[in-house]
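Observations on chain architecture
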Amino acid sequence: MSEPLLKVKNLKTYFTSRHSQVKAVDGVDFVVGKGRVLGIVGESGSGKSMTSLSIMGLVPGPQGKIVEGEILLEDMDLVKLSDKQMENVRGNLVSMIFQEPMTALNPVLTIGEQISEMLIKHRSMRKSEAMAKAIEMLRSVGFARAEQIVKEYPHQLSGGMRQRAMIAMAMSCEPKLLIADEPTTALDVTIQAQVLELMKDLRDRTGTSVVLITHDLGVIAEMADDMIVMYGGQVVESGTADDVFEVTLHPYTKALLASIPVIDEERDRLYAIPGTVPSAANFPVGCRFADRCSLVETRCRETMPELQEVRTGHWVRCHLVTK
Amino acid sequence: MAELQMLSQDAPVSLPGEYLLEVKNLKKYFPIHGGVLRRHVGDVKAVDDVSFTLKKGETLGIVGESGCGKSTTGRMIMRVLDSTSGSIMFNGKDITKIRGNHLRTLRQQFQMVFQDPYSSLNPRMNVGTLIAEPLVVNHKGSRAEIRDEVARLLEVVGLSPDARLRFPHEFSGGQRQRIAIARALALRPSLIVADEAVSALDVSIQAQVLNLLADLRKEFGLSYVFISHNLAVVKHISDRVGVMYLGRMAEIADKKSLYANPLHPYTQALLSAAPEPKRHQSRERIVLTGDVPSPAKPPSGCAFHTRCPKVMDVCRVERPELIAYNDQHQVACHLYS
């Protein structure tokens, strides 16, 4: 693996109210290498989006809080930064793109104004200079008529174009890390292909590391170098994407792969994981997947398995999978 | 009276012809009004001359991207939306012109399941009332009979009997979709139109609902029109698949030949673009440039010619008709005419 850029250590993000404590992220560790794409996959409620918001310092307060852990971007601990310092990190060192570009873009500003705003703030550029850079960025994400696009408003663009404009904006300050949270989920298949192709191309050109969050294992297989599988706020399996797809070890990951219809093969009946994801307000004592696992044993319900390195670089949280 | 109706519903119906559903030259134009006088200045051709058939007990999948007209087609079959022209023969009878009481009676035989079970179920009704509603509205049996029927339906879709007294918000997305399915099944329809019925669900839950739909089909001899943007899901559940683009049917074939031998360049691109949960895909990816054109101003000739990698001169002028490539496979493309 290449040199690490981002190290997340024992991250815990909880939401506390008078009546309950929701453990959205509960002790997550991972590393993003320089120039690598880390895929985070999980179902709704697995804590994948809250992990990314924690990195961005955007956990919705006052109930939500990072209660423990470190997020090291090179040697800087993002958890310890003040709001002011964090503002300088966001958009500058770390950028994020979201599922729904329409809600992330400001509807009353032109695309050009939104991109140049960042450059003026973080790069102290003059307005004209920033606008020229905005046009250049838009061209690099595949807009042929970038000079016109800078003058247009978000509603004038289609979904795929908006997402490409978002990417242009996110990449304009040349961040070290790009976090993409379900970037293609709202897009049509052929447009998704365009956006994925663009993200790959940008990574190759700029060497930016990417954290790609999605529920779609197909997108992960396509894009990721490394991957982690999350369940119930924890990492249950992590490793290189080759390892996890080819030597799948955790029963949850296996079940997930067996439950998806695949074009290339005929599956008579899908494997349906029984039950539903446990509530983050009330996790069981033992393994969080125990109630839905086909291989469950008594010890699974009694003690929580540790995340162990079972093969080199391949980590699994399961009592039944050992070296 | 109620008893009699129930009996006649259960009795085997002799079908005129082998098709449950025959859609011919179906069109839906939404008028665009413009100018100060709100004059009719054009049409959004949401569905433009679509024809297909559905045999009894068969599942037809319809795939396409947003704006291709797949949902509009489904809604016209359900008679939620009136068609502009064309015919929809259901059990040999054209249903496009039927209104009032006739329509209400006929509607018992075709039901719909929607994408979002959060908005398709009335949050103020408990599950028992929700499932009983179609039975009550259509006077199907006494109170006690309806209560028994609700209990039976809950069992059929895999929910516990005590779900009857709970409210939709107490259930997860997958369970809500089960409730919606139970409701659709209440009147023992022969056709179910499922519009993106599993798209909002997590993959593990999606598998549960897909399996349920497959079981119900066997148990009740249902036919489905399964509308989705997800090619893998459509392949899994369908016998035949139609691919729509910009209001037109680009290709329609039995599942095997469509996925093994896609003929239309659009189908080929669509299949190659779908990310599969496997490393090192052998398939060559075709990345289409540009967006789907607006159905208000569809391109001349073949609607796909603006993005087609194999475009020829004829494609820009002449609209290709859907022709039979072989007896299982129809395609609308000049490459094959």
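In the block above lies the structure referred to throughout.
Quick look at the structure, then. These numbers were taken from a predicted model, which means no experiment stands behind them.

A few points about the overall build of chain A
Within chain A, the secondary structure is distributed over twelve helices and twelve strands. Its C-alpha atoms give chain A a radius of gyration of 20 Å, within 12% of the compact-globule value 20 Å for 323 residues. A principal-axis box enclosing the C-alpha atoms of chain A has dimensions of 65 × 50 × 40 Å. Residue burial in chain A is summarised as follows: out of 323 residues, 56% are buried.

Points about the environment of Asp202 of chain B
If you trace the backbone, Asp202 of chain B turns up in the loop between strand 7 (191-195) and helix 7 (203-220). Sequence separation between Asp202 of chain B and Gly173 of chain B is 29 residues, and the spatial gap between their C-alpha atoms is 8.6 Å. Beyond its immediate sequence surroundings of up to four residues, Asp202 of chain B is in contact with Glu43 and Ser44 of chain A. Within the structure, Asp202 of chain B has its side chain in polar contact with the side chain of Ser44 of chain A (distance 2.3 Å).

What to know about the packing of aromatic side chains
As enumerated under the stated definition, the model contains eight aromatic pairs over all chains in all. With a centroid separation of 5.1 Å and 65 degrees between ring planes, the pair formed by Tyr252 of chain A and Phe289 of chain A is classed as edge-to-face. Placement of Tyr252 of chain A in helix 11 (residues 251-258) and of Phe289 of chain A in the loop between helix 11 and helix 12 (298-302) is noted, with a sequence separation of 37 residues between them. Summarising the burial analysis for this pair, Tyr252 of chain A and Phe289 of chain A share the class buried. Taking the centre distance of 4.5 Å and the plane angle of 55 degrees together, the rings of Tyr245 of chain B and Tyr266 of chain B count as tilted.

Considering the interface of chain A and chain B
Interface size is commonly expressed as the accessible area that is lost once the parts come together. Counting residues at the interface gives 45 residues for chain A and 41 residues for chain B. Buried area between chain A and chain B, both sides added, is near 3700 Å², and the carbon and sulfur share of it is 53%. Together, Val189, Thr190 and Ile263 of chain A form the three largest contributors to the area buried by chain A at its contact with chain B, with a combined 19%. Across the contact surface, chain A and chain B share seven salt bridges. The salt bridge partner of Asp242 of chain A is Arg279 of chain B, with a shortest N-O separation of 2.9 Å. Here chain A and chain B share 23 residue pairs in polar contact (both at pLDDT 80 or more) between them.

Concerning the sheet that holds strand 5 (residues 76-77) of chain A
The strands making up a sheet are joined through hydrogen bonds of the backbone, oriented either antiparallel or parallel. Residue and element names in this part refer to chain A. Taken in spatial order, the four strands of this open sheet run 2-1-4-5, and their pairing is antiparallel. The open sheet has two edge strands with one neighbour each: strand 2 (21-33) and strand 5. Of the strand pairs in this sheet, strand 4 (residues 64-73) and strand 5 are connected by two bridges, and their pairing is antiparallel. The residue bridging Leu73 from the neighbouring strand is Met76, located in strand 5. Contacting strand 1 (4-16), strand 2 and strand 4, helix 1 (residues 48-56) crosses the sheet at an angle of about 110 degrees to strand 1.

Topic: the packing of helix 4 (residues 111-123) of chain A against helix 5 (residues 127-140) of chain A
Axis angle and axis distance: for two packed helices, these are the angle between their axes and the distance between the axes, and together they describe the pair. All names here are of chain A. Their axes nearest at 8 Å, the elements helix 4 and helix 5 cross at an angle of 115 degrees. The interaxial crossing formed by helix 4 with helix 5 has right-handed handedness. From helix 4, Ile111, Gly112, Glu113, Ile115, Ser116, Leu119 and Ile120 reach across to helix 5, where they touch Lys127, Ala130, Met131, Lys133, Ala134 and Leu138. Split by residue class, the contact of helix 4 with helix 5 holds eight nonpolar, two polar and three charged.

A look at helix 4 of chain A
All names here are of chain A. Given a rise of 1.5 Å per residue, 13 residues ought to cover 18 Å, and the 18 Å separating the end C-alpha atoms of helix 4 matches this to within 8%. Residues of helix 4 that are buried include every one of Ile111, Gly112, Gln114, Ile115, Ser116, Met118, Leu119 and His122, and no others. Buried residues in helix 4 make contact with helix 2 (83-89), helix 5, helix 6 (146-149) and helix 7 (159-171). A positive backbone phi angle near 45 degrees is found at Ser124, which sits one or two residues after helix 4.

Some thoughts on the sheet that holds strand 3 (residues 59-63) of chain B
Residues and elements named next belong to chain B. If you trace the eight strands from one edge of the open sheet to the other, you get 6-7-8-3-9-10-12-11, paired in mixed fashion. Taken across any chain shown, the strands that pair with only one partner, and hence form the sheet edges, are strand 6 (110-113) and strand 11 (323-326). If you compare each strand with its neighbour and ignore which way they point, the axes differ by 20 degrees on average. Relative to strand 8 (residues 223-228), helix 7 is tilted by about 160 degrees, and along the sheet it contacts strand 3 and strand 8.

Quick look at the pairing of strand 3 (residues 37-41) of chain A
All names here are of chain A. Within strand 3, five of the five residues are buried, which leaves it mostly tucked inside the rest of the structure. Of the two faces of strand 3, the one holding Val37, Gly39 and Val41 and the one holding Leu38 and Ile40 are both buried throughout. Bridging between strand 3 and strand 9 (residues 226-231) involves four bridges; their strand directions are parallel. Along strand 9, the bridge assignment pairs Gly39 with Met227.

Points about the environment of Met131 of chain A
All names here are of chain A. The residue Met131 is located in helix 5 in this model. Look at Met131 and you get partly exposed, because its relative accessible area is 28%. Residues Met131 and Lys200, spaced 69 residues apart in sequence, show a C-alpha to C-alpha distance of 25 Å. Filtering out sequence-adjacent residues up to four positions away, Met131 remains in contact with Gly112, Glu113, Ser116 and Val150.

Thoughts on the nonpolar core
Residue and element names in this part refer to chain B. Ranked by size, the top nonpolar core spans 69 residues in total, and within it Ile181, Leu185 and Phe226 carry the most contacts. When residues of this core are assigned to their parent elements, the largest contribution, seven residues, is made by helix 7. Aside from chain neighbours lying at most four places away, what touches Leu185 is Leu153, Val156, Val157, Ile192, Leu216, Phe220 and Leu222.

Rules behind the numbers
- Residues numbered from 1 in each chain as written.
- Chains lettered and ligands numbered in written order.
- Predicted model: local features only at pLDDT ≥ 70, side-chain atom pairs only at ≥ 80, totals over all residues.
- Heavy atoms only, no water.
- Helix = DSSP H or I, 4+ residues; strand = E, 2+ residues; numbered from the N terminus.
- Rg over C-alpha atoms; globule rule 2.2 N^0.38 Å.
- Buried < 20%, exposed > 50% of the residue type's maximum accessible area, 1.4 Å probe, protein only.
- Contact = heavy atoms within 4.5 Å.
- Polar contact = N/O pair within 3.5 Å; in protein donor to acceptor, adjacent residues only side chain to side chain.
- Phe/Tyr/Trp six-rings, centres within 6.5 Å; stacked < 30°, edge-to-face > 60°.
- Buried area = accessible area lost by both parts, 1.4 Å probe.
- Salt bridge = Lys/Arg side-chain N within 4 Å of Asp/Glu carboxyl O.
- Pairing = 2+ DSSP bridges.
- Axes fitted to C-alpha atoms, helices over the stretch in contact; angles between N-to-C directions.
- Left-handed = near helix turned anticlockwise from the far one by under 90°.
- Nonpolar A, V, L, I, M, F, W, Y, C, P; charged D, E, K, R; others polar.
- Expected span 1.5 Å × (residues − 1).
- Core = buried A, V, L, I, M, F, W, Y, C linked by side-chain atoms within 4.5 Å.

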